[in-house]
Amino acid sequence: SRGAARVTFVDKNKRCTDIIKKNVSNLDGSRDNIKIFHHDAARAIKKLNDSKMRFDLVFLDPPYYEDSLKKCLIYIDNYDILSRSALIICEHFKKDTVPAESGKITRIREYRYGDTVLSIYRRSGDEVGSISGDV
């Protein structure tokens, strides 16, 4: 609904994927450009890599108080799912320990909103465009 050419949703919670499917069914137009995976993030990243899918924007919102975010960044770094100018936006709890770097992925910006933090990453050497202002 916001002009994306395609969207891929991933959630390991079946209830969540069912809600996403219901919401997608309410959209006008073709749903051919929307994919929904009921997998954990690591398995989904491998599957997306195997299908040669590349992404300009990745939004990660793993459960707080777990190492899921670190693991996802490692998987994203190990698999080729990012376009050249891709951004990875990670939502996490302010007390969660998140890396400044993970392989070739580097945090370029951080925004704090109360107990929530948005950390923005980019693959090193892929400095196409810039991030400025408020998110």
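Higher on the page you've got the structure.
Quick summary incoming for the structure in this document.

Parameters at a glance
- Residues numbered from 1 in each chain as written.
- Predicted model: local features only at pLDDT ≥ 70, side-chain atom pairs only at ≥ 80, totals over all residues.
- Heavy atoms only, no water.
- Helix = DSSP H or I, 4+ residues; strand = E, 2+ residues; numbered from the N terminus.
- Contact = heavy atoms within 4.5 Å.
- Areas by Shrake-Rupley, 256 points an atom, 1.4 Å probe, with all protein chains shown as cover.
- Disulfide = S-S within 2.5 Å.
- 1 Å grid on protein atoms, 1.4 Å probe; cavity = no way out; pocket = protein on both sides within 12 Å on 5 of 7 lines; lining within 4 Å.
- Points joined across faces, edges and corners; volume = space filled by probe spheres on them.
- Nonpolar A, V, L, I, M, F, W, Y, C, P; charged D, E, K, R; others polar.
- Pairing = 2+ DSSP bridges.
- Axes fitted to C-alpha atoms, helices over the stretch in contact; angles between N-to-C directions.

**Side note on the overall build of the protein**
Within the protein, the secondary structure is distributed over three helices and seven strands. Along its sequence from the N terminus, the protein presents helices and strands in the succession β-α-β-α-β-α-β-β-β-β. Expressed as a percentage of contacts within the protein between residues at least 6 apart in sequence, the contacts between residues at least 24 apart total 60%. Within the structure as shown, the protein displays about 8700 Å² of accessible surface, and the carbon and sulfur contribution to it stands at 49%.

**Details of the state of the cysteines**
For the coordinates displayed, the defined rule picks out zero disulfides. Free cysteine: C90, not disulfide-bonded; nearest cysteine sulfur from C72 at 8.1 Å.

**Considering empty space enclosed by the protein**
Scanning all chains against the criterion turns up one cavity of 30 Å³ or more. Taken as a whole, the largest cavity spans an internal volume of roughly 60 Å³. Every residue lining the largest cavity is counted, 13 residues in all, and those nearest its centre are E66, L69, H92, D96 and V98. Mapped onto the lining of the largest cavity, the elements with two or more residues apiece are helix 3 (68–78) and strand 4 (82–93). Per element, the largest residue contribution to the lining of the largest cavity is three residues, and it comes from strand 4. A per-class count over the lining of the largest cavity returns six nonpolar, two polar and five charged.

**Considering the layout of surface pockets**
Here the largest pocket is characterised by a volume of approximately 1600 Å³. Contributing to the lining of the largest pocket are 44 residues, with T8, F9, V10, F59 and L60 lying nearest its centre. Mapped by element, the contributors of at least two residues to the lining of the largest pocket are strand 1 (7–10), helix 1 (14–25), helix 2 (41–50), strand 3 (55–60) and helix 3. When residues of the lining of the largest pocket are assigned to their parent elements, the largest contribution, six residues, is made by strand 3. When its residues are assigned to classes, the lining of the largest pocket shows 25 nonpolar, eight polar and 11 charged.

**A closer look at the sheet that holds strand 4**
Taken together, the five strands give an open sheet; going across it, the order is 3-4-7-6-5, and neighbouring strands pair in mixed fashion. At either end of the open sheet lies a strand with only one pairing partner, and these are strand 3 and strand 5 (101–102). Taken together, the two bridges between strand 5 and strand 6 (residues 105–113) define a ladder with antiparallel strand orientation. Note on strand 6: the bridge partner recorded for S102 is I105. Sitting on the sheet, helix 3 touches strand 3, strand 4, strand 5, strand 6 and strand 7 (116–123), and the angle it makes with strand 4 is about 175°.

Structural measurements only, silent on function.
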